[in-house]
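# Structure assessment
What follows is each chain in one-letter form.
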Amino acid sequence: DVKVTQSSRYLVKRTGEKVFLECVQDMDHENMFWYRQDPGLGLRLIYFSYDVKMKEKGDIPEGYSVSREKKERFSLILESASTNQTSMYLCASSGDGGASYEQYFGPGTRLTVT
Amino acid sequence: AQSVTQLDSHVSVSEGTPVLLRCNYSSSYSPSLFWYVQHPNKGLQLLLKYTSAATLVKGINGFEAEFKKSETSFHLTKPSAHMSDAAEYFCVVSVWGGATNKLIFGTGTLLAVQP
């Protein structure tokens, strides 16, 4: 079974702090994704990576950056956390199987910025 | 641009009655479509996917969906709801992101199952 793990289930940070969210997958997948999930908005893509050290902006990249130094690990960085970044963050991974290839999701990190 | 629209934000059914969760898609070519489910405090799980092989797609836990090109719909159904089906359901379309495929999510339908 594919396993995607995220470093924390719940996180509370203060405004202005630098925040790191870590994601690890164990299926040697090429692609990894970070989403945020907000009520009534579904999931929105923040960044994705299709190879080590390669990254692309998603639909809402402002205020975030990412790092992928190893194939299995994809980090989301909030450079200076703000209250409007309070949300559920989900990581996913997928192989290179084309449009029909599904993504596998981690359990999520609920981040609260106070 | 490709997108999906989930027509109901909340659906409530009684246990043992049919479930219908509606999804319309917009796509300039034959899309790949998915339904994902999210149980409370859990990650997203794939229910089923359509990839143009067959218009009626069967998924896990008795769910199925029918791709109707003429109606641009991909509705999710189940003949008889179970209490464990209470969850949020997302209709999703896959799009080319320039370097790999990306998923575009609908806004979700929260399914409540009454005893």
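Here goes a summary of the coordinates provided. Everything numeric in this text was worked out from a predicted model, so none of it was measured.

## What to know about the overall build of chain B
Helices and strands together make up the secondary structure of chain B, namely 0 helices and 12 strands. If you list the helices and strands of chain B from N to C, you get β-β-β-β-β-β-β-β-β-β-β-β. What you see for chain B is a C-alpha radius of gyration of 14 Å, in line with the 13 Å of a compact globule of 115 residues. Its C-alpha atoms put chain B at 45 × 30 × 20 Å along the principal axes.

## Considering the environment of His 10 of chain B
Residue and element names in this part refer to chain B. On the secondary structure map, His 10 appears in strand S2 (residues 10–14). A residue is classified by how much of its surface remains accessible, and His 10, at 58% relative accessible area, is exposed. Beyond its immediate stretch of four places on either side in the chain, His 10 contacts Thr 109 and Leu 110. Side-chain polar atoms of His 10 contact the side chain of Ser 9, separated by 3.2 Å.

## What to know about the sheet that holds strand S1 (residues 4–6) of chain A
Residue and element names in this part refer to chain A. As summarised here, the arrangement of the 4 strands in space is S1-S3-S8-S7, forming an open sheet in which the pairing is antiparallel. The strands lining the two open edges of the sheet, one partner per strand, are S1 and strand S7 (64–70). Here the average twist between neighbouring strands, direction ignored, is 20 degrees.

## A look at the packing of aromatic side chains
Residue and element names in this part refer to chain B. The final tally for this structure, using the stated rule, is 14 aromatic pairs over all chains. Between Tyr 50 and Phe 67, the aromatic rings sit 4.1 Å apart at their centres with planes inclined by 15 degrees, giving stacked as the arrangement. Residue Tyr 50 is located in strand S6 (residues 44–50), and its partner Phe 67 is located in strand S8 (residues 64–68); the two are separated by 17 residues in the primary sequence. Tyr 50 sits in the buried class, given a relative accessible area of 5%. Between the aromatic rings of Tyr 50 and Phe 74, the centroid separation amounts to 6.2 Å while the plane-to-plane angle is 55 degrees, which identifies the pairing as tilted. A residue pair is termed long-range when its members are at least 10 positions apart, and Tyr 50 in strand S6 and Phe 74 in strand S9 (residues 73–78) qualify at 24 residues. Just as Tyr 50 is buried, Phe 74 falls in that class too.

## Structural notes on the interface of chain A and chain B
Listed as interface residues are 26 residues of chain A and, on the opposing side, 24 residues of chain B. The junction of chain A with chain B conceals about 1900 Å² of combined surface from both sides, 55% of it contributed by carbon and sulfur atoms. Salt-bridge contacts for Glu 102 of chain A lead to Lys 49 of chain B; the nearest nitrogen and oxygen are separated by 2.8 Å. Summed over the shared surface of chain A and chain B, the number is 3 residue pairs in polar contact (both at pLDDT 80 or more). Elements that contribute at least two residues to the side of chain A that touches chain B include exactly strand S4 (31–38) and strand S5 (42–51) of chain A. Looking at the side of chain A that touches chain B element by element, the count peaks at 5 residues for S5 of chain A.

## Quick look at the pattern of salt bridges
Residue and element names in this part refer to chain A. This model, assessed by the stated rule, comprises 9 salt bridges over all chains. Note that Arg 36 and Asp 38 form a salt bridge whose closest N and O atoms lie 2.8 Å from each other. Here Arg 36 matches Asp 38 in class, with each residue buried. Three or more residues are tied together by salt bridges with common partners; here these are Arg 36, Asp 38 and Arg 44.

Cut-off values and rules
Residues numbered from 1 in each chain as written. Chains lettered and ligands numbered in written order. Predicted model: local features only at pLDDT ≥ 70, side-chain atom pairs only at ≥ 80, totals over all residues. Heavy atoms only, no water. Helix = DSSP H or I, 4+ residues; strand = E, 2+ residues; numbered from the N terminus. Rg over C-alpha atoms; globule rule 2.2 N^0.38 Å. Buried < 20%, exposed > 50% of the residue type's maximum accessible area, 1.4 Å probe, protein only. Contact = heavy atoms within 4.5 Å. Polar contact = N/O pair within 3.5 Å; in protein donor to acceptor, adjacent residues only side chain to side chain. Pairing = 2+ DSSP bridges. Axes fitted to C-alpha atoms, helices over the stretch in contact; angles between N-to-C directions. Phe/Tyr/Trp six-rings, centres within 6.5 Å; stacked < 30°, edge-to-face > 60°. Buried area = accessible area lost by both parts, 1.4 Å probe. Salt bridge = Lys/Arg side-chain N within 4 Å of Asp/Glu carboxyl O.

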